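The lines below spell out each chain.
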Amino acid sequence: MNHCKNFPQNLLDLVIENFCLVLIMGSFNIKGRSKLTGKLIKTVATCLFVLLLILPLGFINAAEQPPPVFLVSLPEEGPRTVDPAWSADEGSDELIFNVYETLLFYDGESVEYLIPLLATSWVKEHIDEIGPGGLHYVLRYTFNVREGVYFHDGEWGPAGYYMLGPDDVEYSFERAMVYDPPVNNRQRFIYDVLTNTSGADELVEIYGIQTAGMIIDYSIESNATYVWFNLVKPVNPEIFLRILIIPTFSILSRDWINEYVIGALGRDDWSGEWGDYTEWFEYHNLPQSPLDHPTPVMCGTGPFKLSLLDYVSQTWEVVKFDDYWGGWPALRPAPPYPSSEPGIPPGGHVDGYRVIWGLEWSARRDMFLSGDADFIDVPRQCINEVAGQPGVRFIRDLCMPWIEELAIFRFNVTDSGNPIQNVLPPDIFDESGIPCNFFNYTHIRRAFAYAINYTGYIRQFYGEWAFNPPTSIPCGVPYFDPNQQGYELDLDKAREEFMQVPEVWNNGFTLTLVYNIGNVRLKWFCEMLNNTIEKLHPQGLFHINIIELDWPTYLDYIARGYLSFFILNWREKYPLDPHFYLYDTMHVLAQTQGYSNPEVDELLEEGMTTQSKIVRTLVYIRLQGIYHSDCISIPLVQPVGYHFERSSVVGWYFNPGYPVKQSYQGIYAYPIWKGTYKKGDVNYDGVVLIDDIAWIAKAFGSDFGCGGATIHPRWNFRCDINEDRIIMIDDIAIAARNFGDP
């Protein structure tokens, strides 16, 4: 029995019993009753009166205080760093974007609409300035930095907390560019638009250390109110603003770094002082972040602050930051998008978020099914073990924002000393080998594209959790063209394409395909092509040889240009803009295949610089058409993701710009809470009324698509009552059945 639980009642009983005893004593006419007895009666009465006043308030309030509510998640992998400048993995990003913030953020599920976070507004202006190193700056983006924003660390702030200022924004971006660690290639996006280079190494190689430092310093500047970025490329706002959302460019406190990290902890972090512009390069390419070692430290402005990160128990935990500038509960997302009045904001919040990573599958599964965890990373082969279980919500058909596998043509294969392939001179066809420019022929590339059994390959290794995308822009990324056709297995068309090159049809060829040892998937792919290609010629003049190599040799041969056709696990996660996907696979200066098309390069430049959304649409439709017709490379697989959560979770949504994996979607905990509501109570006020049905009616006919740019303009995930990702009459009917029920 818990005696503490009954403490208030026991204390009250004791006081009443003693008070009654004193009263009884006072009622007798006992000779010699002293004044002390009278005083005792008054004292006890006063105490009882006070207790009767405070006990109901103090103890009842204590009894009404619920225990803290935490979300608990079980991913397979955890964070590798707490430093935004070092982050290049989903596990780190998930922690970072709950603790730190960027200037802008995605509006809920939407990848089209951005909302102000640490910036309240921004303007763009064309400039004509010559900066350090003779760089010509043509565009400036100026951001008004939000006032009254606290950083988390109350111990070291001179007035209780460090306050956000424009100098913190400037420092955070410059720090990320100074460090530019080898584990992270995300800085290349900001380097590209600010300096026209790929990173610190190239910048120093061109200009030298001192001038390179001056260029970084000049690229980002601030005063008491604003921070501004000076760009050497006149990029469209959609491109530039999407770069700023990357967790790598989260905002840190410069004072906290200098006073706490450098001063109190004695760690060697970059202070933000440029001096003579030569010392900054000492901090470039460090093996580890000073915020990670020997112990991790974080100080952000986000809704949660770090309370635990233990690599031994593989657990991290963040708790609600009471002084968060955004307030509690969150005001966004408030779909339909863009979030605005009178949308439907979140209806609650949690007190913290705990992540336990690295558990064996059986342990993760049992914790989740027992209700001890709210989210879980589920391998594809284990989906049936949790789907359909009581209390489990299963959300599927989420388009992952990357191409998993890309088949690459080498337009000019290395002929000198090629150890795996008989390489002939250009345009010389013979059954014994291939000319060095074999895949420079568009018809031959198309023939191979039509000879691939995409459906069989995906069914064999991905099941229902992938599809064959038409171009290198993943479905769900803005400007993806749903009308663009891809390639499919068609041996008649493959034969026709080969016949368009009489030299190859009349003389034949022998091509060598390679897979790395142990790669069952790639071996299957090579054998499949062997089976389809060799059947195409009636005289048997087409030959596919297959060899296996160890992984280091496989990579070395790719780098040396020995392989004419191979598959890469691409998995590039760019800012969600089509420019990056198409530039890396089509532009003459980016892709390494040897493809060159002046029209493509001009279109990519136009898509990057035009300020018109209509023009961008037309440009990217044209580019996707060229990508297909020229068959530059072959996108084989785009993964389809899924999400598991407990049915008590409310407010989760999918955004492909978040740190997502196919089997686990990184959780941004701020707009999520736990609760139980009547089906149809879409505004979470505890009762289904006409306003709820009106909201569902407004969203009628809208659907989620597969997420990202595919969602319908009127889509409102809070109105999807039966959770089938489309809002129809059955959603209204369910709400109507619960009408008026509290």
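Refer to the structure printed above.
Residues numbered from 1 in each chain as written. Predicted model: local features only at pLDDT ≥ 70, side-chain atom pairs only at ≥ 80, totals over all residues. Heavy atoms only, no water.

## Observations regarding the pairing of strand β8 (residues 304-310)
Okay, so step 1: Of the strand pairs in this sheet, β8 and strand β9 (residues 315-320) are connected by six bridges, and their pairing is antiparallel. Bridge pairing in β9 links Leu 308 to Glu 317. (Pairing = 2+ DSSP bridges. Helix = DSSP H or I, 4+ residues; strand = E, 2+ residues; numbered from the N terminus.)

## Looking at the state of the cysteines
Okay, so step 1: In total, this model carries one disulfide according to the counting rule given.
Okay, so step 2: In this model, Cys 399 is linked to Cys 706 through a disulfide, with the two sulfur atoms separated by 2.5 Å. With the S-S bond torsion at -95 degrees, the cross-link from Cys 399 to Cys 706 turns out left-handed. You can see Cys 399 sitting in strand β12 (residues 392-399) and its partner Cys 706 sitting in the loop between α21 (690-698) and α22 (729-737), a full 307 residues away along the chain. No difference in accessibility class separates Cys 399 from Cys 706, as the two residues are buried.
Okay, so step 3: No disulfide involves Cys 526; its sulfur sits 17 Å from the nearest other cysteine sulfur, which is in Cys 631.
Okay, so step 4: Classification of Cys 526 by relative accessible area gives buried; the value is 3%. (Disulfide = S-S within 2.5 Å. Buried < 20%, exposed > 50% of the residue type's maximum accessible area, 1.4 Å probe, protein only.)

## Comments concerning the pattern of salt bridges
Okay, so step 1: Using the criterion set out here, one finds 28 salt bridges in the structure.
Okay, so step 2: Residues Asp 377 and Lys 661 are paired through a salt bridge, measuring 3.4 Å at the closest nitrogen-oxygen approach. Taken together, the residues span a long stretch of sequence, with Asp 377 in the loop between β11 (375-376) and α11 (383-386) and Lys 661 in the loop between β21 (649-650) and β22 (673-674) at a distance of 284 residues.
Okay, so step 3: Residue Asp 377 is classed as buried on the basis of its relative accessible area, which comes to 1%.
Okay, so step 4: Relative accessible area serves as the criterion here: at 19%, Lys 661 is assigned to the buried category.
Okay, so step 5: A salt bridge links Arg 446 to Glu 497; the shortest N-O distance between them is 4.0 Å. One end of the pair, Arg 446, is in helix α12 (residues 442-450); the other, Glu 497, is in helix α14 (residues 491-499), and 51 residues separate them in sequence. Note on accessibility: Arg 446 and Glu 497 belong to one class, buried.
Okay, so step 6: Salt bridges linked by common partners bring Glu 112, Glu 238, Arg 242, Asp 577, Lys 613 and Arg 616 together as one network. (Salt bridge = Lys/Arg side-chain N within 4 Å of Asp/Glu carboxyl O.)

## Describing helix α3 (residues 90-99)
Okay, so step 1: Burial analysis of α3 places 10 of its 10 residues in the buried class, which makes it a mostly covered element.
Okay, so step 2: Every buried residue belonging to α3 is among Glu 90, Gly 91, Ser 92, Asp 93, Glu 94, Leu 95, Ile 96, Phe 97, Asn 98 and Val 99, and all of these are buried.
Okay, so step 3: Among the structural elements, β2 (104-106), β8, β9 and β10 (352-356) are those in contact with the buried residues of α3. (Contact = heavy atoms within 4.5 Å.)

## Some details on the sheet that holds strand β4 (residues 119-130)
Okay, so step 1: Read from one edge to the other, the open sheet built from four strands follows the order β4-β5-β7-β6, with strand pairing classed as antiparallel. The sheet is open, and its two edges are formed by β4 and β6 (220-222), each paired on a single side. Going across the sheet, the axis of each strand differs from the next one's by a mean of 20 degrees, ignoring polarity.
Okay, so step 2: Pairing of β4 with strand β5 (residues 136-145), which is carried by nine bridges, proceeds in the antiparallel orientation. Residue pairing for β5: Val 123 is matched across the bridge by Thr 142.
Okay, so step 3: In the packing of helix α4 (residues 166-179) onto the sheet, contacts are made with β5, β6 and β7 (226-231), and the angle to β6 comes to roughly 160 degrees.
Okay, so step 4: Running over the sheet, helix α7 (residues 209-219) touches β4, β5, β6 and β7 and is turned about 50 degrees from β6. (Axes fitted to C-alpha atoms, helices over the stretch in contact; angles between N-to-C directions.)

## Let's talk about the pairing of strand β13 (residues 405-409)
Okay, so step 1: Counted residue by residue, β13 has five buried out of five residues, so it is predominantly covered.
Okay, so step 2: A two-sided burial pattern is seen for β13, the buried positions comprising Glu 405, Ala 407 and Phe 409 on one face and Leu 406 and Ile 408 on the other.
Okay, so step 3: Bridge count between β13 and strand β19 (residues 565-569): five bridges; the pairing is antiparallel. Bridge pairing in β19 links Phe 409 to Phe 565.
Okay, so step 4: Summarising the sheet, β13 and strand β20 (residues 633-646) pair through four bridges and their orientation is antiparallel. Residue Ala 407 lies in a different strand from β20, and its bridge partner there is Ile 634.

## Points about a negative patch on the surface
Okay, so step 1: Judged by side-chain charge, Asp 268, Asp 276, Glu 279 and Glu 282 come together as a negatively charged surface patch.
Okay, so step 2: Positionally, Glu 282 belongs in the loop between α9 (254-264) and β8. (Patch = residues over 30% accessible without salt bridge, like charges linked within 9 Å, V, L, I, M, F, W, Y side chains within 5 Å. Areas by Shrake-Rupley, 256 points an atom, 1.4 Å probe, with all protein chains shown as cover. Lys, Arg positive; Asp, Glu negative; His and termini not counted. Charge placed at Lys NZ, Arg CZ, Asp CG, Glu CD.)

## Overview of the environment of Ser 92
Okay, so step 1: Among the structural elements, Ser 92 can be located in helix α3.
Okay, so step 2: Ser 92 gets classed as buried once you look at its relative accessible area, which sits at 0%.
Okay, so step 3: Setting aside residues no more than four positions away along its own chain, Ser 92 makes contact with Gly 78, Pro 79, Arg 80, Thr 81 and Ser 87.
Okay, so step 4: Engagement of the side chain of Ser 92 in a polar contact is seen with the backbone nitrogen of Arg 80, the distance being 2.8 Å. (Polar contact = N/O pair within 3.5 Å; in protein donor to acceptor, adjacent residues only side chain to side chain.)

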